[in-house]
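Here's the letter readout for the chains.
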Amino acid sequence: MHYNISVELQAVALLSLPQLSIDEVDTTASLLKKLDFEHLQALINQHRTHPCVYKNIRQHFTKQVPSSFLLSLKNRYIKNMTRNTKQLGICAKLNQLFQDNNISIHFFKGLSLSKILYHDIALRNNNDIDVLISKSDLGQANRILNSMGFYAHEFDALDNEWRNAYFKVHKDIGYTNQEGVLIELHLELSIPIIAEMSIYQKELQYRDKLFQTTLSSDELFYLCWHGSHSLFHRLKWLIDLKLYCQKLEKKIDDSSYFSGNSRRNVVCSLYLLAKLY
């Protein structure tokens, strides 16, 4: 780890991992002795990694943190676990309804990464449900979501001309229900003017399992693209990449989307990982 990074960010980077090694436990214990807990709390809130932070502190460092700090993390952990459990039920129902209507659907990011990388849906903060479908299935998908109590009121108010204009600059539609659960229905993985995602979308779009069970270099590329285009303002996205790289090991394919402009997304992402870890 590079020590020109603040003590608080170093601590958050380690505590945000789903599992700590013995050396990482020792390093974190040392960092906790000299950091500002208000700053630490602010960083945890910013980067949305509180589930793993709570797990690691409860397991290793309960005597080194203020009780109020630990209680706050516990409450957020329980809230996240409750939300993710509710999302899992919605995903299962949505998947069944889409399959019954012969609509190819793929869940990605969110709970999918919780299952495949963290092996525990409680350990990753997931604010919404990301779903990818074919654009030709939008009408049917809209009716199914409405039947489940999810609506995209602003999009529904647009006429066909404005909808065509909308999809020139947007890749998804946000649906919410009365409880505030958000489903982002993606018709593209990136806004259409970005051609570098076309290969990955072809690979991803037609899987029919609720969550994927295998890792792939194309999904790693998508995570690099998503993080770099979002300026990695959430540490949890770097954690996803770190775990993905560890699990893929040397199985990353040297394919066309790791060249040219696409390579910059991967290099930028891996450089940030190297700086922090």
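Before any of the text, the structure's been laid out above.
Below, the structure is looked at part by part. Since we're looking at a predicted model, the values are computed, not measured. Throughout, residues of each chain are indexed from 1 in the direction in which the sequence is written. Whole-chain, interface and lining totals are the exception, using all residues; otherwise, since this is a predicted model, local features are given only for residues with pLDDT of at least 70 and side-chain atom pairs are given and counted only at 80 or more. Each side-chain value is worked out from all heavy atoms of the structure, with water and hydrogens disregarded.

Along the chain, the position of aspartate 137 falls in the loop between strand S2 (129-132) and helix H7 (138-147). Exposed residues in this analysis have more than 50% of their type's maximum accessible area, buried residues have under 20%, and partly exposed residues fall in between, with area computed by a 1.4 Å probe over protein chains only. The charge count treats Lys and Arg as positive and Asp and Glu as negative. His and the chain ends do not count. The salt bridge definition used is simple: a Lys or Arg side-chain nitrogen within 4 Å of an Asp or Glu carboxyl oxygen. Arginine 143 is the oppositely charged side chain nearest to the buried, salt-bridge-free aspartate 137, at an N-O distance of 8.6 Å. Apart from the residues lying within four places of it in its own chain, the contact partners of aspartate 137 are Ile103 and Ser104. By the criteria applied, helices consist of DSSP H or I runs no shorter than four residues and strands consist of E runs no shorter than two, each listed in order from the N terminus. Whether two residues are in contact is decided by their heavy atoms, any of which lying within 4.5 Å being enough.

Quantified by volume, the largest pocket comes out at close to 440 Å³. Around the largest pocket, the lining comprises 22 residues; the ones closest to its centre are Lys109, Asp128, Glu184, His226 and Trp237. When residues of the lining of the largest pocket are traced back to their parent elements, those giving at least two are helix H11 (217-229) and helix H12 (235-248). The biggest single contributor to the lining of the largest pocket is H11, with three residues. The distinction between a cavity and a pocket rests on a 1 Å grid over the protein atoms alone: a 1.4 Å probe fits inside a cavity but cannot get out, while a pocket stays open yet meets protein on both sides within 12 Å along at least five of seven lines, and a residue with an atom within 4 Å of a point counts as lining. Grid points are joined across faces, edges and corners, and a volume is the space filled by probe spheres set on the points. There is about 170 Å³ of room inside the second largest pocket. Lining of the second largest pocket is provided by Ile5, Leu9, His47, Phe232, Arg234, Leu235, Leu238, Leu272, Lys275 and Leu276. For the lining of the second largest pocket, the elements supplying multiple residues, two or more each, are H12 and helix H13 (260-276). With three residues, the single largest contributor to the lining of the second largest pocket is H13. Each residue gets one of three labels, nonpolar for Ala, Val, Leu, Ile, Met, Phe, Trp, Tyr, Cys and Pro, charged for Asp, Glu, Lys and Arg, and polar for the others, Gly among them. Across the lining of the second largest pocket, the residue classes break down as seven nonpolar, one polar and two charged.

This next bit is on the pairing of strand S4 (residues 182-186). Among the five residues of S4, four are classified as buried, and the element is accordingly described as predominantly covered. Only strands that DSSP links by at least two bridges are regarded as paired with each other. Relative to S4, strand S3 (residues 172-176) is paired through five bridges, and the arrangement is antiparallel. Paired with aspartate 172 across the bridge in S4 is histidine 186. Linking two consecutive strands that pair antiparallel, namely S3 and S4, is a turn of five residues; a positive phi of about 90 degrees is found at glycine 180 within it.

As a further point, take the pattern of salt bridges. Considering all chains together, one arrives at six salt bridges under this definition. Among the salt bridges present, the one from aspartate 130 reaches lysine 109, with a minimum N-O distance of 3.9 Å. One end of the pair, aspartate 130, is in strand S2; the other, lysine 109, is in the loop between strand S1 (106-108) and helix H6 (110-118), with 21 residues separating them in the sequence. Just as aspartate 130 is buried, lysine 109 falls in that class too. A salt bridge links arginine 163 to aspartate 156, with the shortest nitrogen-to-oxygen separation between them at 4.0 Å. On the basis of relative accessibility, which here comes to 24%, the residue arginine 163 falls in the partly exposed class.

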